[in-house]
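# A look at the structure
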Amino acid sequence: MSSTPAKAEAIETPDVLIVGTGFAGLGMAMKLLDAGHSDFVLLEKADDVGGTWRDNTYPGCACDVASVMYSYSFAPNRSWSRMYAAQPEILDYIKRVVKDRNLEQHIRFNTEATSYVFDEDSDRWSVRTRSGQEYRARIVVLAHGALHQPNIPDLPGMGRFKGEMFHSAQWDHSVDLKGKRVAVIGTGSSAAQFIPEIAGTAAHLDVFQRTAHWVLPKADRPLKGFERKLFKALPLVQQLYRLLAYWTHEVPVLAFLNPKFLKVLELASLRMLSKQVPDPELRAKLTPDYKIGCKRILLTNDYYPALQRPDVDLITSGVAEFTETGVKSADGQLHEADVVILGTGFSTDNRCATENIVGRDGITIQEAWRDGMTAHLGTTVSGFPNMFMLMGPNSGGGAQSILFVIEAQLHYVVECLRMMRRRRATRLEIRADVQREFNSRLHGKLAGSVWNSGGCHSWFLDHTGQNRQSWPGTGTSYWRATRRPDPKAFTLTSRAGGRRLRAVSQPTDSL
Ligand code: NAP
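To start, this report covers the structure provided alongside it. (Residues numbered from 1 in each chain as written. Predicted model: local features only at pLDDT ≥ 70, side-chain atom pairs only at ≥ 80, totals over all residues. Heavy atoms only, no water.)

### Considerations on the state of the cysteines
The condition that has to hold: Any two cysteine sulfur atoms within 2.5 Å of one another count as a disulfide. Only DSSP runs of H or I covering at least 4 residues are called helices, and only runs of E covering at least 2 are called strands; the numbering of each starts at the N terminus. Any residue under 20% of the maximum accessible area for its type is buried, any over 50% is exposed, and the rest in between are partly exposed; the area is computed with a 1.4 Å probe on protein chains only.
On inspection of all chains with the given rule, the structure shows 1 disulfide. With its sulfur 2.1 Å from that of its partner, Cys 294 forms a disulfide with Cys 456. With the S-S bond torsion at -95°, the cross-link from Cys 294 to Cys 456 turns out left-handed. Highlighted residues: Cys 294 in the loop between helix H8 (280-285) and strand S12 (298-299) and Cys 456 in the loop between helix H13 (450-453) and helix H14 (475-481), separated in sequence by 162 residues. Each member of the pair, Cys 294 together with Cys 456, is buried. With no disulfide of its own, Cys 61 lies closest to Cys 63 among cysteine sulfurs, the gap being 8.8 Å.

Below, the structure is given as structure tokens:
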């Protein structure tokens, strides 16, 4: 390994630099090891691994993807305790994988990459961290996730509020909610999980809903003793469960792409609403006015019951302003609050908003994405050679486990590195025309999807209304598209003897 031990001023020169130690970054590290490549470093801005599953610690935080689909296929978790795992169990699994694969030696904690500059003479990236440390790497893999910048809305008078206020992804566990009046802004996936948990602890809960969400039951339960034993003793049984879960997640995507088939899901959701909410007035407030699937569907059995507790109110007239002592709704009523919790989601318009990334010919990612985030297969961006993104633009699985998507990308990155080696290329860059045509086809397909045409605004759409998150197909189609990089889609060149040469094919299979 060519990297030197961490020393403030010393430059480290890993072959591959991975940014982020969530599922994506750690998976990349494991796939590199499996390919016989150990010359890599992972940068982590925090002091621990886990990404979103480290940051989101709000009460009730859990996964709405079946747990059998929520571990790496190449490092399966044989000891899930539930059908849908909760955050502590997922984080434990991630930490176990890090230990089992001895990944910690590659990780630089408390190290936030803030600037990336591509050096055209050496075909290497120079990456600087907040503390001034420099890394020079042949390949950079951005694995910092899609949902990591909390969206803190700028609501009138927010600064005036004298009580406690925090975002769901930055839960302040030092604030005891017992006996307090609590206001929750937002009713998305996160809020729907923590509202049932804090209702009853707080003296009173006011829930501010801007848009009603579609809800479906969550088929969650603890795994039975015999199932857990079977998973451990006969891995094939767990694989069959996984296959079943895979197709359960895959089928709704077909309806999301052809909204006329969504009626069945809408009827199931309305049936649940009418069964769980007898009061017609409350039911009307909770009935969405757009197509199901347009926003992420909430899978929960206890959200509607929580809203009907005598100590919980659902407020739908909108937030007018904050006062020193609470939140005033648009109908003029003041809702006194000791604590305000923002369940307001994440900023998703530009995944690299806080980073200075300078590619070929001095182009910055901000300039490249002036009209919105675009990439090729969510992994490479024209103008930014030798850089890969995981969970990049338009690679999100409509309902499929994001881990499945990530694994397809890990495979694709490894295959790209193999292609570089085979062709003795020191630089790989997706061609601009290929990326353009790919995106024009992609956005054409998305136009008819429920995410674009379902009549709502969600975090899938950027401020111009373009969908920058969704893959316009099933997980299977994404898997197929990422099996083998097409050499013709890239410009592969080699820096040799001070001259730039077009890369040539050479038989070798290593990285
Ligand atoms: P979200 O789904 O984007 O929900 C944000 C909520 O805040 C919405 O109800 C939104 O209202 C509201 N809001 C935002 N800005 C507002 C404003 N200025 N005034 C009033 N209300 C405002 O965010 P999230 O709940 O954190 O979930 C984000 C994503 O994270 C999910 O879609 C999901 O993919 C992922 N997630 C997954 C799990 C899981 O189980 N795997 C759990 C949690 C989160 P509008 O609807 O009107 O915009």
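### Comments concerning the environment of Ala 203
Let me state the cut-off plainly: Throughout, a residue-residue contact means that at least one pair of heavy atoms, one from each residue, lies within 4.5 Å.
Mapped onto the elements of the fold, Ala 203 is located in the loop between helix H4 (189-198) and strand S10 (204-208). As for Ala 203 and Lys 180, which are separated by 23 residues in sequence, their C-alpha atoms are 5.1 Å apart. Setting aside residues up to four positions removed in sequence, Ala 203 forms contacts with Leu 177, Gly 179, Lys 180 and Asp 311.

### Describing the site of the ligand
The cut-off we apply is this: When at least one non-hydrogen atom of a residue lies within 4 Å of a molecule or strand, that residue is treated as near it. For the purposes of these results, a polar contact is taken to be a pair of N or O atoms within 3.5 Å, where, inside protein, one atom must be able to donate a hydrogen and its partner to accept one; residues adjacent in sequence count only when each atom of the pair is a side-chain atom. Note on areas: Shrake-Rupley, 1.4 Å probe, and residue coverage restricted to the protein chains presented here. Each residue gets one label: Ala, Val, Leu, Ile, Met, Phe, Trp, Tyr, Cys and Pro are nonpolar, Asp, Glu, Lys and Arg are charged, and the others, such as Gly, are polar. Boundaries between domains were set according to an automatic or database domain assignment.
Lining the immediate surroundings of the ligand are 25 residues, of which Ala 62, Ser 190, Thr 211, Lys 295 and Trp 459 lie closest. With respect to the ligand, the backbone of Ser 189 contributes an N or O atom lying 2.9 Å from an oxygen atom. Within the contact set of the ligand, an oxygen atom lies 2.7 Å away from a side-chain nitrogen or oxygen of Lys 295. In the complex, 86% of the free accessible area of the ligand, which totals 900 Å², lies under the protein chains. Here the shell around the ligand is built from residues that sort into 9 nonpolar, 12 polar and 4 charged. When residues of the shell around the ligand are assigned to domains, at least three map to each of domain 1 (6-148 + 350-502) and domain 2 (158-222 + 232-342).

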